[in-house]
Amino acid sequence: QVQLVESGGGLVQAGGSLRLSCVASGLTFSSYTMAWFRQPPGKEREFVAAILWSGGSTLYAESVKGRFTISRDNAKNTVLLQMNSLKPEDTAVYYCAATLSRGTNYRTSDAYRKWGQGTQVTVSS
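Just so we're clear, the structure is a prediction, and the values are computed from it rather than from any experiment.

Caption draft 1: Representation of the environment of Tyr94 within the structure. For Tyr94, the position within the fold is in strand β9 (residues 92–99). The class of Tyr94 is buried, set by a relative accessible area of 0%. Note: C-alpha distance between Tyr94 and Asn74 (20 residues apart in sequence) is 21 Å. Apart from the residues within four sequence positions on either side, Tyr94 is in contact with Glu6, Leu20, Trp36, Phe37, Arg38, Val48, Phe68, Leu81, Met83, Gly118, Thr119 and Val121.

Caption draft 2: Looking closely at the sheet that holds strand β3 (residues 18–25). The antiparallel open sheet is built from four strands, whose spatial order is β1-β3-β8-β7. Only two strands of the sheet have a single partner each, and these edge strands are β1 (3–7) and β7 (68–73). For this sheet, the mean angle separating the axes of adjacent strands, direction not counted, is 15°. Pairing geometry for β7 and strand β8 (residues 78–83), over six bridges, is antiparallel. Residue pairing for β8: Ser71 is matched across the bridge by Leu80.

About the criteria used
- Residues numbered from 1 in each chain as written.
- Predicted model: local features only at pLDDT ≥ 70, side-chain atom pairs only at ≥ 80, totals over all residues.
- Heavy atoms only, no water.
- Helix = DSSP H or I, 4+ residues; strand = E, 2+ residues; numbered from the N terminus.
- Buried < 20%, exposed > 50% of the residue type's maximum accessible area, 1.4 Å probe, protein only.
- Contact = heavy atoms within 4.5 Å.
- Pairing = 2+ DSSP bridges.
- Axes fitted to C-alpha atoms, helices over the stretch in contact; angles between N-to-C directions.

What follows is the structure, encoded as structure tokens:
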């Protein structure tokens, strides 16, 4: 049974930092492209960042480029999202997602079949 478990969310002031972790189990982690999505209050889920199964390529939403960094540790079945210079508009529930798909649009939630339960990030102004 595949499980993705996020942690690291919380309340932080604008300009601060948080690091989210997602630990995967029940899958061959190194074969999966991993991603972070988020859902702000009252809005649709949106793409944040992805790191390909090969580990060499990353994708970012324009709104987080230069502030967020996604990375993975295949030995620990973990994907991380380092979030710096946080803004109130980064407030959302953050979800970890995994896919085996190749050559797809990794920025869309439809590409992912495995999801975590989410972790709340709240940035105060």
